[in-house]
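# Examination of the molecular architecture
As a plain string of letters, each chain reads:
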Amino acid sequence: MSDFVELMVGAAASGCIYALVALSYLLITRPTGIINFAVGEWAMVAAFGGFLALSRFELPYPIGMAIVLVALAVVGWLTERFAVRPLVEKGAPPLAPILALLGMLVVFRELVSVTMGPDPQPVPPMFGYGRMELGMVAGSYQSFFIIGVTAAVFGAAWYFFERTLAGRSFEAVAIDRRAAALMGINLRRVTALAFAGSAGVAGLAGLLVSPNVSAHYLMGLPLAIQGFTALVIGGVGRVEGALLGGLILAVAEQVTVRYAPIPPGLAQGVPLVLLIVFLLMRPTGLLRARESRA
Amino acid sequence: MKSIAGFLLAALVLSALAFMLGSYQTDVYRKLLLWITLALSYNFLFGIAGQVAFSHFTFYGIGAYAMVILLFQVGLPLPLAIVAGIVVCVVLALVVAIPATRLEGFYLALATLAFAQLFIVVLNEGGSVTGGPGGLANYRLPDILGVRVTGPWYTVVIVFLLLGTLAVLWRLDRSWFGRACRAVRDDPQAAQAMGINVTTTRIVAYAVTSALAGVAGMVYAFVDNTVNPPIFGLENSFLLLFMVIVGGSGRPAGAIVGAILLYLMPFFLSPLIGHHHALVFGLVMVAVVLFQPKGLIGIWDGWTARRRLT
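In this text the structure is predicted, and so the values were computed from the model without any measurement.

## As for the overall build of chain B
What chain B contains, in helices and strands, is 14 helices and two strands. For 310 residues, the compact-globule estimate of 2.2 N^0.38 gives 19 Å, and the C-alpha radius of gyration of chain B, at 20 Å, lies within 12% of that figure. Reported as C-alpha extents along the three principal axes, the dimensions of chain B are approximately 55 × 45 × 45 Å. Split into buried and exposed, the 310 residues of chain B put 45% on the buried side.

## Thoughts on the domain arrangement of chain B
Residues and elements named next belong to chain B. Considered domain by domain, chain B is made up of domain 1 (2-18 + 26-232) and domain 2 (234-310). Computed over C-alpha atoms only, the centres of domain 1 and domain 2 are separated by 21 Å. For the side of domain 1 that touches domain 2, the secondary structure elements donating two or more residues are α2 (23-48), α3 (56-74), α5 (106-125) and α7 (151-173). No other element matches the 11 residues that α2 contributes to the side of domain 1 that touches domain 2. Class assignment of the residues belonging to the side of domain 1 that touches domain 2 gives a composition of 14 nonpolar, four polar and no charged.

## Here's the deal with the environment of Leu-234 of chain B
All names here are of chain B. Here Leu-234 lies in helix α11 (residues 234-247). With 146 residues separating them in the primary sequence, Leu-234 and Val-88 have C-alpha atoms 21 Å apart. Ignoring sequence-local partners within four residues, the contact set of Leu-234 consists of Phe-54, Ala-116 and Gln-117.

## With respect to the interface of chain A and chain B
Taken together, the contact between chain A and chain B spans 30 residues of the former and 27 residues of the latter. Counted by class, the side of chain A that touches chain B contains 25 nonpolar, four polar and one charged residues.

## Some words on unusual backbone geometry
At Glu-58 of chain A, a position not held by glycine, the phi torsion is positive, near 50°. Tracing the backbone shows Glu-58 of chain A in the loop between α2 (39-56) and α3 (61-90). With a phi close to 55°, Asn-225 of chain B is a non-glycine residue in the positive phi region.

## Considerations on α5 of chain B
Residue and element names in this part refer to chain B. Helix length check: α5 (20 residues) gives 29 Å between terminal C-alpha atoms against 28 Å at 1.5 Å per residue, within 8%. With 15 of its 20 residues buried, α5 lies for the most part within the structure. Immediately beyond the C-terminal end of α5, within one or two residues, lies Gly-127, with a positive phi of roughly 60°.

## Regarding helix α4 (residues 95-116) of chain A
Residue and element names in this part refer to chain A. Taking 1.5 Å of rise per residue, the 22 residues of α4 would be expected to cover 32 Å, and the 32 Å separating its terminal C-alpha atoms lies within 8% of that figure. Counting buried positions over the 22 residues of α4 gives 16, a clear majority of the element. Within two residues after α4, Gly-117 carries a phi angle of roughly 85°, on the positive side.

Conventions adopted
- Residues numbered from 1 in each chain as written.
- Chains lettered and ligands numbered in written order.
- Predicted model: local features only at pLDDT ≥ 70, side-chain atom pairs only at ≥ 80, totals over all residues.
- Helix = DSSP H or I, 4+ residues; strand = E, 2+ residues; numbered from the N terminus.
- Rg over C-alpha atoms; globule rule 2.2 N^0.38 Å.
- Buried ≥ 20, exposed ≤ 12 C-beta atoms within 10 Å, placed from the backbone.
- Domains from an automatic or database assignment.
- Nonpolar A, V, L, I, M, F, W, Y, C, P; charged D, E, K, R; others polar.
- Contact = placed C-beta atoms within 7 Å.
- Expected span 1.5 Å × (residues − 1).

Below, the structure written as structure tokens:
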């Protein structure tokens, strides 16, 4: 039983990582309709940022983390400014920004591989390597840290979208772009903010996961696929969907690896099968987007 | 009549070239021809039918593996193996296409991306059937009517594969089906209103191009005489997409230019920047999408149009 509980703590932690990546997609997709595969690469860039700030320069964790996240938000904004905005202003077909971002994915990955080398690099966890026990519930410090930070981020995202004017303007753009623009919402600013925020959240995911997996230049695409699977499971329309999808995906993954009588290599296929099944059966996800309210 | 003469001339020139190359150049030349073949069929799927699918290179792999498994594990004779291999590709393409083409826009890309990843997982875990991570090797093309087809003669087979693919796509593009594909790409609702069956058009376009990729894979199986999972990874599906976009999507000439350019680029870049040519691919891709959405072939079009005016 305690074995199962510990498995669930680990699953919840990796589910939180998927959920953060899913949220990162959602922040861009919701107001702009653009699906940005480069979120995985943003997470990878942040992991290397974590390596530089925390392992190379040995900054205190909170300061290093803040620097990395701000840097990522700037990277996200620059990506929007130079690879997306020119296309939107030219009135290019909707596929064009997606393809440009696919190209940026390769650019980010290869830039890191050129500058940082192809070897994995260590990133330290927030509270060191240790194990915490709260009665039945036990897991590594980092697991609890990931769960706590993710809960805070999703709380903040919920507050932002539901209670602040800027957040409501995101929602308005998502529901009807033209109407939102006519109501005086600055589409350009919403898009720029969406990219900066998305890169920040993706960066957080990369920073949190990197102590477990090390920073590696190929870590981005798998994260991008898992994050998207989480998004598809939960539903593209709602912030809570990202969290729910991430947790479901991680639990399904961990339970099959541990208990299902199939070779571990084949268990890697579970999230892919889940993605295909959800795309075919319920492409809107478990939670439907909220319709526009009168 | 003129186009038939053109095809014959191309066959003659490309085949003659095969007999002038050394063994290393032959390898490069064969793979160039295969990349052009794949880019042509992917151009139909992506550029003309408007489906963003990441499964094209996977069908190339399915064709190659199906050929090797059917010939040497099942023990079918070559003609039967070719037919059975094509059937496998078409059936799998339909299994993917019938549900997946219902999906709008980028969801198709994701479903096919997952399918491509799943293929690699299955290859790695396939045990003795697929040879696991090491793949299958140590086989060679069976004799055809008692003749061993090797060296430049096998290159000629690839030339015919390329021209055959081009001819099939050319014919399709110029038929009602090609126009239906373009209509569905540009506006599915308008196409539907014009009496085009959108779903069938999508499924057929996906199945035909995937089967063509599968046939190319069957030919590839005897180029390196080994098939293994890393060859058919996701990287190459991205590269295929880049080739078509950089060359000019929707245009066979664009696909050919893109395939030649991106395939040969590493050979010229590696003395300058080593193995980091993927960075250049990414930059070229972004630059083309931003500044030259019609691809390199668009530059040529603009140039000839201007010359005609003056």
